[in-house]
Amino acid sequence: MDAQNAARLNAILSAARAEGVTATLTDSDLPKTLDEAYAIALDGVSAETVSAWKIGGVNPWSHAVFENTEPFYGALWQHEVATTGHAFSLDGLVAPLAEPEICLELGTWPPRADGPLFTRMAIGLEIPATVLPEAIKTCLACQVLDRAGAGGLYIGEAVPFDGDRLAADFLARYRLSGEDWREGRARHVFGGPLGSALLFLGQALHRSAPLRSGQWIATGGLVPAARVETGDRIEAEAAGLSLNLKLT
């Protein structure tokens, strides 16, 4: 696909997000391969505009939907990521979901033997909100085109990176507005959160994704996502980390 068509597709998706509506896409618009989808999604993207990366297809429930043979990923822009406060706005997001994930902050990049690969970690709430039409939501190349269904990411209080803590098969759980806890475990993310992040870095390097120090990596849902709406309050716990967040 040429640069003009790539720019047109990205403009269609961006406009749909800005308006909070489903994107108007036709079969002729869609990428035929993952490589083509990534080329479009990463077209014109710079390291300075990316605050975080979200990883998809790394747990059993996501894999069952997309039947992917490798994890997929998408960029999150600065205005889509929050690291302070105790509220996150759903304004304009189309049918948002929410799932708890371990987030890792990228350290020295390019990596060096004398620098840490990851500097901090936190529990985060990843909020998928694809603008893809219903008929193509499960198309893997389309998900890649839509930045893996980007919506938003809230990152809780960060602590120094602790690889030993993340290597354990820890319990993860969260609940909405006082409902019963929904539970999962670290092993539900293929390779665990740390393995997922390392797989992502290999793929990102392969496709020349614009990585830089300080970007966050949301490593994949530890518990199946739930539909959320304005007014919900979410509590989440995993690996000794916790958050309490109001959706506005």
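Residues numbered from 1 in each chain as written. Predicted model: local features only at pLDDT ≥ 70, side-chain atom pairs only at ≥ 80, totals over all residues. Heavy atoms only, no water.

J.: What exactly am I supposed to notice about the layout of surface pockets here?
T.: One way to see where empty space is left: roll a probe the size of a water molecule over the atoms. There is about 620 Å³ of room inside the largest pocket. Together, 31 residues line the largest pocket, and Val-65, Phe-66, Leu-97, Pro-128 and Gln-143 are the ones closest to its centre. At the level of secondary structure, the elements contributing two or more residues to the lining of the largest pocket comprise β1 (50-56), α3 (60-66) and β5 (97-106). Here the lining of the largest pocket gets 4 residues from one element, more than from any other, and that element is α3. If you go around the second largest pocket, you meet 16 residues; those closest to its centre are His-79, Glu-80, Asp-91, Leu-93 and Gly-151. The residue inventory of the lining of the second largest pocket, partitioned by class, reads 8 nonpolar, 4 polar and 4 charged. (1 Å grid on protein atoms, 1.4 Å probe; cavity = no way out; pocket = protein on both sides within 12 Å on 5 of 7 lines; lining within 4 Å. Points joined across faces, edges and corners; volume = space filled by probe spheres on them. Helix = DSSP H or I, 4+ residues; strand = E, 2+ residues; numbered from the N terminus. Nonpolar A, V, L, I, M, F, W, Y, C, P; charged D, E, K, R; others polar.)

J.: It is not clear to me how the environment of Leu-198 should be interpreted in this structure. Could you clarify?
T.: Along the chain, Leu-198 turns up in helix α6 (residues 192-206). By relative accessible area, Leu-198 is classed as partly exposed at 44%. In sequence terms Leu-198 and Leu-117 are 81 residues apart; their C-alpha atoms lie 9.8 Å from each other. In contact with Leu-198, not counting residues within four places along its chain, are Leu-117 and Phe-118. (Buried < 20%, exposed > 50% of the residue type's maximum accessible area, 1.4 Å probe, protein only. Contact = heavy atoms within 4.5 Å.)

J.: I would appreciate a short explanation of unusual backbone geometry in the present structure.
T.: Across residues other than glycine, the phi torsion is negative in most instances, and most of the peptide bonds are trans. Note that the residue after Trp-109, namely Pro-110, is joined by a cis bond; omega there is -5°. The topology assignment puts Pro-110 in the loop between β5 and β6 (118-127). The backbone of Ser-177 sits at a positive phi, close to 45°, despite the residue not being glycine. Along the chain, Ser-177 turns up in the loop between β9 (171-176) and β10 (182-185).

J.: Explain the pairing of β6 to me, please; I cannot follow it from the model alone.
T.: β6 sits mainly inside the fold: 8 of its 10 residues count as buried. Across 7 bridges, β5 lies against β6 in antiparallel orientation. Residue Glu-101 lies in a different strand from β6, and its bridge partner there is Gly-124. With 2 bridges joining them, β6 and strand β8 (residues 159-160) adopt antiparallel strand pairing. (Pairing = 2+ DSSP bridges.)

J.: Please clarify how the environment of Asp-146 should be interpreted in this entry.
T.: Inspection of the secondary structure assignment puts Asp-146 in the loop between α4 (140-145) and β7 (152-155). Of the residues examined, Asp-146 reaches a relative accessible area of 0% and is grouped as buried. Separated by 49 residues in sequence, Asp-146 and Leu-97 have C-alpha atoms that sit 15 Å apart. Apart from residues lying up to four places away in sequence, Asp-146 is in contact with Leu-13, Arg-17, Thr-130, Val-131 and Leu-132. A distance of 2.8 Å separates a polar atom in the side chain of Asp-146 from a polar atom in the side chain of Arg-17. (Polar contact = N/O pair within 3.5 Å; in protein donor to acceptor, adjacent residues only side chain to side chain.)

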